[in-house]
Amino acid sequence: METISENAAFGGTQGVYRHTSSTCNCDMTFAVYLPPQAKAGPVPVLWYLSGLTCTHENAMTKAALQEHAAKHGIAVIYPDTSPRGEGVADDKGYALGQGAGFYVNATQAPWAAHFQMYDYVLNELPALIAKNFPVSDKRGITGHSMGGHGALTLALNNPDVFTSVSAFAPIANPTASDWGRVQLSAYLGEDEATWAAHDATLLVGSKGWPRDVLVDQGTSDQFLDLLKPEALSQALVTARIPSVFRMQEGYDHSYYFISTFAADHVKWHADRMDG
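So, here is what we can say about the structure in this document. (Residues numbered from 1 in each chain as written. Predicted model: local features only at pLDDT ≥ 70, side-chain atom pairs only at ≥ 80, totals over all residues. Heavy atoms only, no water.)

### Quick look at empty space enclosed by the protein
The final tally for this structure, using the stated rule, is one cavity of 30 Å³ or more. The computed volume of the largest cavity comes to approximately 30 Å³. Looking at the lining of the largest cavity, the elements that each hand over two or more residues are helix H4 (146-157), helix H6 (200-206) and helix H8 (229-238). Residues of the lining of the largest cavity, tallied by class, amount to seven nonpolar, no polar and no charged. (1 Å grid on protein atoms, 1.4 Å probe; cavity = no way out; pocket = protein on both sides within 12 Å on 5 of 7 lines; lining within 4 Å. Points joined across faces, edges and corners; volume = space filled by probe spheres on them. Helix = DSSP H or I, 4+ residues; strand = E, 2+ residues; numbered from the N terminus. Nonpolar A, V, L, I, M, F, W, Y, C, P; charged D, E, K, R; others polar.)

Here it is, written out as structure tokens:
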């Protein structure tokens, strides 16, 4: 693991690192915020998954999570959103290929050689983090847009791994959206039965969730028709899963929205990972 940078932040350390991923078959870059409490021993971990076109850096610099993480004594991990580099498949559109991994394990050419983001976030990167940083085995997960989709689907599929889950403006029903159908067919093939494991709305109905869920969505989000929050909200009610689903008046899809409610989400996870 190579250290790219480390900077003091709110009494802790914001670092950026690179490693060679055997899962994604390329070099991957990620960021870790360690709160000051990590100096005394292992701390819980909040995973933050970013959206389309983002790298590890966007949320690290714009989501304003570090101050709240320092207050509550939790680490924050910012993975990249896809494999990158020479020889990694890409597409001219921003919503497929590099920057748009959708947190699935691709089975179709040319994506399957590198695009294994589901296993990377669930297994390989957590193992690397546990080996190199003072973190406990308590994991919460959140994310924005495509990352909100990833956070929800990873948690719903792995309730024994993730203690808590939340999302900002997630792609909530990708099998019924152009932000989903295009990518799922490219990465997983045309058999829509294989897509269901990566649709939070469908997973809520088929698998449920043993704890509660927090979702924030802006009412002025320019992508509301693609995100389909109403489908997820109804699914949570139908499945009788305790949830806080907030439609935030006037907020759009930007990092201004995320940073405004970052404190609420960090506290949500800290409270559930406590003890």
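### Describing helix H3 (residues 117-132)
Of all the bends in H3, the largest measures some 35° and sits at leucine 125, one to four residues before the proline proline 126. Met117, Tyr118, Tyr120, Val121, Leu122, Glu124, Leu125, Pro126, Leu128 and Ile129 are the residues of H3 that are buried. Of the surrounding secondary structure, the elements contacted by the buried residues of H3 are strand E2 (12-21), strand E3 (26-34), strand E4 (43-49), strand E5 (75-78), strand E6 (135-143) and H4. (Bend = angle between axes of the 7 residues up to and from the residue. Buried < 20%, exposed > 50% of the residue type's maximum accessible area, 1.4 Å probe, protein only. Contact = heavy atoms within 4.5 Å.)

### As for the state of the cysteines
Per the stated rule, a full pass over the model turns up zero disulfides. Cysteine cysteine 54 shares no disulfide, and the gap to the nearest cysteine sulfur, in cysteine 24, comes to 17 Å. Assessed through its relative accessible area of 6%, cysteine 54 is described here as buried. (Disulfide = S-S within 2.5 Å.)

### As for the packing of aromatic side chains
The final tally for this structure, using the stated rule, is 11 aromatic pairs. Here tyrosine 17 and phenylalanine 133 contribute two aromatic rings whose centre-to-centre distance is 5.1 Å and whose plane-to-plane angle is 65°, an arrangement assigned as edge-to-face. Within this pair, whereas tyrosine 17 is found in strand E2, its partner phenylalanine 133 is found in the loop between H3 and E6, the two being separated by 116 residues in sequence. A ring pair is formed by tyrosine 251 and phenylalanine 257, whose centres lie 6.3 Å apart and whose planes are at 45°; its orientation type is tilted. In this structure an aromatic cluster arises from ring pairing among Phe168, Tyr251, Phe257 and Phe261. Between arginine 139 and the ring centre of phenylalanine 162, over which it is positioned, the NZ or CZ distance is 5.5 Å. Just above the ring of tryptophan 209 sits the side chain of arginine 211; from NZ or CZ to the centre is 4.7 Å. (Phe/Tyr/Trp six-rings, centres within 6.5 Å; stacked < 30°, edge-to-face > 60°. Lys NZ or Arg CZ within 6 Å of the ring centre and 35° of its normal.)

### Topic: the side chain of glutamine 14
For glutamine 14, the position within the fold is in strand E2. Within polar-contact distance, the side chain of glutamine 14 engages the side chain of glutamine 66 at 2.9 Å. When residues no more than four places from it in sequence are discounted, the contact partners of glutamine 14 are Ser5, Glu6, Asn7, Ala9, Ala31, Val32, Tyr33, Met60, Gln66 and Tyr78. (Polar contact = N/O pair within 3.5 Å; in protein donor to acceptor, adjacent residues only side chain to side chain.)

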